[in-house]
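Working through the structure, step by step
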Amino acid sequence: MIEVVLNDRLGKKVRVKCNDDDTIGDLKKLVAAQTGTRADKIRIQKWYTVYKDHITLKDYEIHDGMGLELYYS
């Protein structure tokens, strides 16, 4: 079980607990449940890399306590 911190740069930080074999799509669903935003309107990225929904957190080397950027489209 890992914890990922997502910052939307508007003053809101969301902490999500998930497994490292979850996909980015699963992470978006967990974030959507906490924020009230639809999962298909969420974009997760780090610097200029936009994460794809079907790839796992382990494949992106996302580990415990890592911070990601959260955007609403």
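Residues numbered from 1 in each chain as written. Predicted model: local features only at pLDDT ≥ 70, side-chain atom pairs only at ≥ 80, totals over all residues. Heavy atoms only, no water.

As annotated in an unreviewed UniProt entry, the chain is Ubiquitin-like domain-containing protein from Ensete ventricosum.

Our focus in this paragraph is the sheet that holds strand β1 (residues 2-7). Here five strands make up an open sheet; going across it, the order is β2-β1-β5-β3-β4 and the pairing mixed. Sheet topology places β2 (13-18) and β4 (49-50) at the edges, where each strand pairs with a single neighbour. In the sheet, β1 pairs with strand β5 (residues 67-72) via three bridges, with the strands oriented parallel. Directly across from Asn7, in β5, lies its bridge partner Glu69. Against the sheet, helix α1 (residues 24-35) makes contact with β1, β2, β3 (42-46) and β5, and its axis sits at roughly 130 degrees relative to β2, the strand it touches most. (Pairing = 2+ DSSP bridges. Helix = DSSP H or I, 4+ residues; strand = E, 2+ residues; numbered from the N terminus. Contact = heavy atoms within 4.5 Å. Axes fitted to C-alpha atoms, helices over the stretch in contact; angles between N-to-C directions.)

Considering soluble globular proteins, one finds that nonpolar side chains tend to be buried as a cluster. Leu6, Ile44, Ile62 and Leu68 are the most contacted members of the largest nonpolar core, which totals 18 residues. Elements that contribute at least two residues to this core include exactly β1, β2, α1, β3 and β5. Among the elements that take part in this core, α1 stands out by supplying four residues, more than any other. Non-local contacts of Ile44, meaning those with residues more than four positions away in its chain, are made with Leu6, Ile24, Leu27, Lys28, Thr49, Val50, Tyr51, Leu68, Glu69 and Leu70. (Core = buried A, V, L, I, M, F, W, Y, C linked by side-chain atoms within 4.5 Å. Buried < 20%, exposed > 50% of the residue type's maximum accessible area, 1.4 Å probe, protein only.)

Here we take up the pattern of salt bridges. According to the stated counting rule, one finds five salt bridges in the structure shown. Close ionic contact of Arg15 with Glu3 constitutes a salt bridge, the shortest N to O distance being 3.3 Å. Residue Arg15 is found in strand β2, and its partner Glu3 is found in strand β1; the two are separated by twelve residues along the sequence. Overall, Glu3 belongs to the partly exposed group, its relative accessible area being 22%. With its nearest N and O atoms 3.9 Å apart, the salt bridge here joins Glu3 to Lys17. Of this pair, Glu3 sits in strand β1 while Lys17 sits in strand β2, and the two are 14 residues apart along the sequence. On the basis of relative accessibility, which here comes to 53%, the residue Lys17 falls in the exposed class. Three or more residues are tied together by salt bridges with common partners; here these are Glu3, Arg15 and Lys17. (Salt bridge = Lys/Arg side-chain N within 4 Å of Asp/Glu carboxyl O.)

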